[in-house]
Amino acid sequence: MPKTIYILNGPNLNMLGKREPGIYGGKTLDEIGTDCRAAAAKHGLEVDFRQSSHEGDLVNWIHEAGEKAAGVIINPGAYGHTSIALHDAIRAVNPLPVIEVHLSNIHARESFRHVSMIAPVAIGMICGFGPIGYNLALEALAARI
Ligand code: DQA
């Protein structure tokens, strides 16, 4: 049975392709999901790719991943900067490996984006490389699990 990686996407990421393409690029989230499935298959992994703009959905999916997944890649969107609930959810499923991804370089943007609630409980964080960041995270997880 191939191992499954949950790839979770937070608020506003369903708008990719239309949303500030100068910052986030022109790919839609569906296209990123398709690329992730292909990249995961090369590592013998399966991907469960989801998006929600509701913090509680993301919390519940992290708990579910604790039961069903070999690892999590999360682009928490703006909740990454604010959500103690997501931080706590990741702690609750420890030692499940979690990698935080942001398309944009959050450290080169507004100061409110420089803080991450996720990074201290993730095994690593990748930002600034656009959709390739998801592939890099898959590679890192594949090496780890
Ligand atoms: C983002 C960065 C966040 O600051 C922002 O709120 C997003 C997208 C990114 O992928 O670059 O929604 O997570």
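Provided above is the structure to which this section pertains.
Residues numbered from 1 in each chain as written. Predicted model: local features only at pLDDT ≥ 70, side-chain atom pairs only at ≥ 80, totals over all residues. Heavy atoms only, no water.

A.B. asks: I'd love a proper account of the overall build of the chain, names of residues and values included.
C.D. replies: Helix and strand content of the chain: 6 helices and 5 strands. Counted from the first residue to the last, the chain has its helices and strands arranged as β-α-α-β-α-β-α-α-β-β-α. What you see for the chain is a C-alpha radius of gyration of 14 Å, in line with the 15 Å of a compact globule of 145 residues. Along the first, second and third principal axes, the C-alpha set of the chain runs to 40 × 30 × 25 Å. Counting every position in the chain, which comprises 145 residues, the buried fraction comes to 48%. The contacts in the chain between residues at least 6 apart in sequence include a share of 77% that link residues at least 24 apart. (Helix = DSSP H or I, 4+ residues; strand = E, 2+ residues; numbered from the N terminus. Rg over C-alpha atoms; globule rule 2.2 N^0.38 Å. Buried < 20%, exposed > 50% of the residue type's maximum accessible area, 1.4 Å probe, protein only. Contact = heavy atoms within 4.5 Å.)

A.B. asks: Any details on the site of the ligand? Residues and values, ideally.
C.D. replies: Looking at the ligand, the residues that line it are Pro 11, Arg 19, Tyr 24, Asn 75, Gly 77, Ala 78, His 81, His 102, Leu 103, Ser 104, Ile 106 and Arg 113. Between the ligand and His 102 there is a distance of 2.7 Å, counted from an oxygen atom to a side-chain nitrogen or oxygen. Ser 104 places a polar side-chain atom, nitrogen or oxygen, 2.6 Å from an oxygen atom of the ligand. Compared with its free state, where it exposes 320 Å², the ligand has 99% of that area covered by protein. Looking at the shell around the ligand residue by residue, the classes come out as 5 nonpolar, 5 polar and 2 charged. (Near = heavy atom within 4 Å. Polar contact = N/O pair within 3.5 Å; in protein donor to acceptor, adjacent residues only side chain to side chain. Areas by Shrake-Rupley, 256 points an atom, 1.4 Å probe, with all protein chains shown as cover. Nonpolar A, V, L, I, M, F, W, Y, C, P; charged D, E, K, R; others polar.)

A.B. asks: Please give an account of the sheet that holds strand β3 (residues 71–75) that cites residues and values.
C.D. replies: With respect to topology, 5 strands assemble into an open sheet ordered β2-β1-β3-β4-β5, the strand pairing being parallel. In the strand order of this sheet, the two ends are held by β2 (45–51) and β5 (124–127), each with one partner. Put simply, the sheet's adjacent strands are angled 20° from each other on average, direction ignored. Packing of helix α2 (residues 29–42) onto the sheet brings it into contact with β1 (3–9) and β2, and relative to β2 it is tilted by some 165°. (Pairing = 2+ DSSP bridges. Axes fitted to C-alpha atoms, helices over the stretch in contact; angles between N-to-C directions.)

A.B. asks: Describe the packing of aromatic side chains, naming the residues involved and giving the relevant values.
C.D. replies: Scanning all chains against the criterion turns up 1 aromatic pair. Their ring planes at 40° and their centres at 6.4 Å tell us that Phe 49 and Tyr 134 sit as a pair that is tilted. You can see Phe 49 sitting in strand β2 and its partner Tyr 134 sitting in helix α6 (residues 132–144), a full 85 residues away along the chain. On the accessibility criterion, Phe 49 (16% relative accessible area) is buried. Exposure remark for Tyr 134: the relative accessible area of 0% places this residue in the buried category. Against the face of Tyr 6 rests Arg 50, its NZ or CZ located 4.6 Å from the ring centre. (Phe/Tyr/Trp six-rings, centres within 6.5 Å; stacked < 30°, edge-to-face > 60°. Lys NZ or Arg CZ within 6 Å of the ring centre and 35° of its normal.)

A.B. asks: Any chance you could break down the side chain of Arg 19 for me, citing the residues and the numbers?
C.D. replies: Following the sequence through the fold, Arg 19 ends up in the loop between β1 and α1 (21–24). Among the polar contacts listed, one links the side chain of Arg 19 to the side chain of Tyr 24, at a separation of 3.5 Å. Other than its neighbours up to four places away in sequence, Arg 19 contacts Pro 11, Asn 12, Leu 13 and Tyr 24.

A.B. asks: With reference to specific residues and values, describe the packing of α2 against α6.
C.D. replies: The geometry of α2 relative to α6 is characterised by a closest axis approach of 10 Å and an angle of 30° between their N-to-C directions. The pairing of α2 with α6 is recorded here as roughly parallel in orientation. Crossing of α2 over α6 shows right-handed handedness. Mapping the contact onto sequence places Leu 29, Ile 32, Cys 36, Ala 39 and Ala 40 in α2 and Tyr 134, Asn 135 and Leu 138 in α6. Of the residues that constitute the contact of α2 with α6, the class distribution is 7 nonpolar, 1 polar and no charged. (Parallel < 35°, antiparallel > 145°, perpendicular 65-115°, else oblique. Left-handed = near helix turned anticlockwise from the far one by under 90°.)

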